[in-house]
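Here is how the chains run, residue by residue.
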Amino acid sequence: MKLDIIVQFLQVLVVSLGVLANSTYATPIISHNEREKMMISIPYPKIFHENYRHDLDFLAIGDWGLPGPGKDSVAAAMETWAKNNDTLFVINVGDNFYQTNSSDYDGVLSVHDPRWNSVWLDAYRGKLAEIPWYTVAGNHDWYTNVTAQVDYYWTVNQRFFFPSLYYVRVSKFGKMNTKVAWIHIDTDPFAYNYSSLDNRNDMKENLGILKLNTTKEIQEKLDWIEEQLKCVQDAKWIFVVGHHTLIGKCRDQYYLSKLPPLFERYRVTAYFAGHSHMLEVESVNSTSPVTYFTTGAASIHDLKGCKGASWSAPGGTMGFLHVRIRDDEDKMNFEFINATTAGSPPEVIYKGSLKVRER
Ligand SMILES: *[C@@H]1O[C@H](CO)[C@@H](O)[C@H](O)[C@H]1NC(C)=O
Ligand SMILES: *[C@@H]1O[C@H](CO)[C@@H](O)[C@H](O)[C@H]1NC(C)=O
Ligand SMILES: *[C@@H]1O[C@H](CO)[C@@H](O)[C@H](O)[C@H]1NC(C)=O
Ligand SMILES: *[C@@H]1O[C@H](CO)[C@@H](O)[C@H](O)[C@H]1NC(C)=O
Ligand SMILES: *[C@@H]1O[C@H](CO)[C@@H](O)[C@H](O)[C@H]1NC(C)=O
Ligand SMILES: *[C@@H]1O[C@H](CO)[C@@H](O)[C@H](O)[C@H]1NC(C)=O
Ligand SMILES: *[C@@H]1O[C@H](CO)[C@@H](O)[C@H](O)[C@H]1NC(C)=O
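Reading the values: rules and limits
Residues numbered from 1 in each chain as written. Chains lettered and ligands numbered in written order. Predicted model: local features only at pLDDT ≥ 70, side-chain atom pairs only at ≥ 80, totals over all residues. Helix = DSSP H or I, 4+ residues; strand = E, 2+ residues; numbered from the N terminus. Rg over C-alpha atoms; globule rule 2.2 N^0.38 Å. Contact = placed C-beta atoms within 7 Å. Buried ≥ 20, exposed ≤ 12 C-beta atoms within 10 Å, placed from the backbone. Pairing = 2+ DSSP bridges. Near = placed C-beta within 6 Å. Nonpolar A, V, L, I, M, F, W, Y, C, P; charged D, E, K, R; others polar. Expected span 1.5 Å × (residues − 1). Arc of directions from axis to C-beta. Axes fitted to C-alpha atoms, helices over the stretch in contact; angles between N-to-C directions. Core = buried A, V, L, I, M, F, W, Y, C linked by C-beta atoms within 7 Å.

Regarding the overall build of the protein chain
And then number 1: Within the protein chain one finds 10 helices and 15 strands.
And then number 2: A globule of 359 residues ought to have a C-alpha radius of gyration of about 21 Å, and the protein chain, at 19 Å, matches this closely.
And then number 3: Here the contacts in the protein chain between residues at least 6 apart in sequence split such that 73% fall between residues at least 24 apart.

Below, the structure is given as C-alpha cells:
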C-alpha cells in the first residue's frame, strides 16, 4: 500500500472509533461507495437520528472563513459558551473558507487542503473540537471545489457533518423524547440566476455540473423541501438551515422568495442563515409564524444588514447565536453574543424566546 493510502485508512479508522466512543452524533446510513455514485446535489436519501438525554443546546455561526483576530475572538467566546452550557453541536450556515489575498482562493482545493487545519481544526478548540458541526455550503464554498467539502466528511472527519448539499436530521431529547426536525438546504441555486451569471469563481460552471441550473431542477429542490416539511409535521420544533439570509428585502433575490411561503405554510419554527455578515432577527407577526435568524458575523462584519429586520446588532459587531430548549418547556431561548474584540469580555447583546409551533 502506498503511504498516503495507509494514512487515509488510519484516519478513517480513527474517525470510526471516535464515532463508537461518542455516539452523540449521527452516523451515516449509506456507504461511501454508494455516496460516490451520487452527485452531492442529490439530497441524502435517509434521515439522520440523534438522541440526547438533557436539554437541546447549540451554537449557530456562519461566514467564519477569514483568519484573523475577529474570528479568534468569536471562537474563544464560543468555546466558553459551549463548555459552560453543555453545548451539543454547532449549526454551521456556511462560507467556511474565504480568499485572503490575490494569490490564494475561496473554498478548498481538496480533502487534503492545509486549510482544513488552519481555518477549522486549529481555530476552534476545547469543546468546539469535540462536537459535530452540522454544515451547509455558502457561495464561497461553491467557489473552487464544493465536492471536496462533502468528501471531507466521507473520507476524513465526520465531525464536519456534511453528507450532501441537502439532508434531514431528527433529534430527540430529554425525558419526554421531544422531537426536533432539521432540514439542511443549499440556497445557492435559489440565489443565483444561471442565465445572467458570469463565471467568476466557477459558480456558474458548478451550478451546471451539479445540475442545479434549470428552473425545473430548482423547482425539484423546492418540491423536495416541501416534501420533507410535510413528513416532519409531528415535530415539536422544526428548523431549516441555509446560507442565504431571508430577512426582509434580502429575500427578494431570484428564487429565494419562494422559501418563506413554504416555511410559513408548514409552520417552521425558525430559519438559520448567514451571508449577510450581521447578527439579526426578523420576528413572527400576524401572518408569519417563522422567526428568521442571521448569524453571519463569525469572522467578518458588515455595516448594514437587511431592510426589514426586527432587530440588528450595530454594524461592525462580530459574534454568534446560542440556543437552548428545555424538554419540559414550550419555549426556545436564544441569545446573541457580542465577541467583537479579543480581550474584552464577550456579552449577550440581545435575547428572546420563541413559542412552540402549532401542531
Ligand atoms: C452559558 O454560558 C455562558 C458563558 O459562560 C454563561 O454566562 C451562562 O450562565 C451559561 N448558561 C447556562 C444556562 O449555564
Ligand atoms: C496569501 O495567503 C496565504 C494564506 O491563505 C499565505 O500563505 C500567503 O503567504 C499569502 N500570500 C501573500 C502574497 O500574501
Ligand atoms: C474536487 O474534489 C474532489 C474530491 O476531493 C476531487 O475528486 C475532484 O477531482 C476535485 N475537482 C477538481 C476540479 O479539482
Ligand atoms: C434570469 O436571467 C435571465 C437572463 O437575464 C432573465 O431573462 C430571467 O428573467 C431571470 N430570471 C429570474 C427569475 O429572475
Ligand atoms: C445547465 O448547465 C448545463 C451544463 O453546464 C448546460 O449544458 C445547460 O445548457 C444549462 N441549462 C440552462 C437552462 O442554462
Ligand atoms: C410578516 O412577516 C413577513 C416575513 O416574516 C412579512 O413578509 C410580512 O410582510 C409581515 N406581515 C405583516 C403584517 O407585518
Ligand atoms: C461589542 O463589544 C465591543 C467590545 O468588544 C464594544 O466596543 C461594542 O460596543 C459592543 N457592541 C454592542 C452592540 O454592545
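Additional details are given in the paragraphs that follow.
Re the pairing of strand 7 (residues 178–184)
And then number 1: Of all 7 residues in strand 7, 6 are buried; the element is thus mostly enclosed.
And then number 2: By the bridge criterion, 7 bridges tie strand 6 (residues 167–173) to strand 7 in an arrangement that is antiparallel. Note on strand 7: the bridge partner recorded for F173 is T178.
And then number 3: Counting the residues that bridge the hairpin from strand 6 to strand 7 gives 4 residues, and of these G174 lies at a positive phi of roughly 80°.
And then number 4: Two elements, strand 7 and strand 8 (residues 237–244), share 5 bridges in a ladder whose sense is parallel. Considered in strand 8, the bridge of A181 is made with I238.

Focus: the site of ligand 6
And then number 1: As a matter of local geometry, ligand 6 sits amid P260, E282, N285, S286, T287 and S288.
And then number 2: Of the residues assigned to the shell around ligand 6, the class counts are 1 nonpolar, 4 polar and 1 charged.

A few points about helix 9 (residues 215–231)
For the α-helix, the turn length of 3.6 residues means that residues three or four positions removed from each other point alike.
And then number 1: Given a rise of 1.5 Å per residue, 17 residues ought to cover 24 Å, and the 24 Å separating the end C-alpha atoms of helix 9 matches this to within 8%.
And then number 2: Along helix 9, the residues that are buried comprise K221, I225, Q228 and L229. For helix 9, the buried positions fall inside an angular range of 105° around the axis, keeping them on one side. Residues of helix 9 that are exposed and point over 90 degrees away from its buried face: T215, K216, Q219, D223, E227 and K230.
And then number 3: Buried residues along helix 9 sit in contact with strand 6, strand 7, helix 7 (188–191) and helix 10 (259–265).

Let's talk about the sheet that holds strand 2 (residues 56–61)
And then number 1: Pairing is mixed across the open sheet formed by 7 strands, whose spatial order is 5-4-3-2-13-14-15. Here the strands that pair on one side only, and so sit at the sheet edges, are strand 5 (160–161) and strand 15 (347–355).
And then number 2: Bridging between strand 2 and strand 13 (residues 319–325) involves 5 bridges; their strand directions are antiparallel. Counterpart to L56 in the pairing with strand 13 is I325.
And then number 3: Strand contacts of helix 3 (residues 69–84): strand 2, strand 13 and strand 14 (331–338), with the helix running at about 15° to strand 13, the strand carrying the most contacts.

Notes on the environment of L121
And then number 1: Locating L121 in the fold gives a position in helix 4 (residues 115–121).
And then number 2: A sequence separation of 60 residues divides L121 from A181, and the C-alpha atoms of the two residues are 28 Å apart.
And then number 3: With residues up to four places along the chain from it excluded, the contact list for L121 reads W116 and A129.

Section: the site of ligand 7
And then number 1: Residues in contact with ligand 7, as listed here, are A313, P314, T317, N338, T340, T341, S344 and I349.
And then number 2: Taken together, the residues of the shell around ligand 7 break down into 3 nonpolar, 5 polar and no charged.

Quick look at the pairing of strand 13
And then number 1: With 6 of 7 residues buried, strand 13 is to be regarded as a mostly interior element.
And then number 2: Bridge analysis of strand 13 against strand 14 gives 7 bridges, and the strand direction is antiparallel. Each residue of the ladder has a partner; that of L321, found in strand 14, is F336.
And then number 3: Hairpin connection from strand 13 to strand 14: 5 residues lie between these consecutive antiparallel strands.

A word on the sheet that holds strand 12 (residues 311–312)
And then number 1: Strand order in the open sheet formed by 8 strands is 1-6-7-8-9-11-10-12, with mixed pairing between adjacent strands. With partners counted over all chains shown, the strands left at the sheet margins are strand 1 (47–52) and strand 12, one partner each.

Some remarks on the nonpolar core
And then number 1: Counting residues in each nonpolar core, the largest one holds 100 residues, and the members touching the most others are L59, A60, Y271 and F272.
And then number 2: Among the elements that take part in this core, helix 3 stands out by supplying 6 residues, more than any other.
And then number 3: Each residue touching F272, except ones within four places of it in the same chain, is listed here: A60, I91, V93, F239, V241, F293 and T295.

Digging into the environment of F48
And then number 1: Note that F48 resides in strand 1.
And then number 2: It is 33 Å that separates the C-alpha atoms of F48 and S312, two residues lying 264 residues apart in sequence.

Some details on helix 3
And then number 1: Across its 16 residues, helix 3 extends 23 Å between first and last C-alpha, which sits within 8% of the 22 Å expected from 1.5 Å per residue.
And then number 2: The complete set of buried residues in helix 3 reads G70, K71, S73, V74, A75, A77, M78, W81 and A82.
And then number 3: Where the residues of helix 3 are buried, they touch strand 2, strand 13 and strand 14.
And then number 4: Downstream of helix 3 by one or two residues, D86 has phi in the positive range, about 50°.

Section: unusual backbone geometry
And then number 1: Unusually for a residue other than glycine, D63 sits at a positive phi of about 55°.
And then number 2: You can see D63 is positioned in the loop between strand 2 and helix 3.
And then number 3: Since 29 C-beta atoms lie within 10 Å of it, D63 is described here as buried.
And then number 4: With a phi close to 65°, N201 is a non-glycine residue in the positive phi region.

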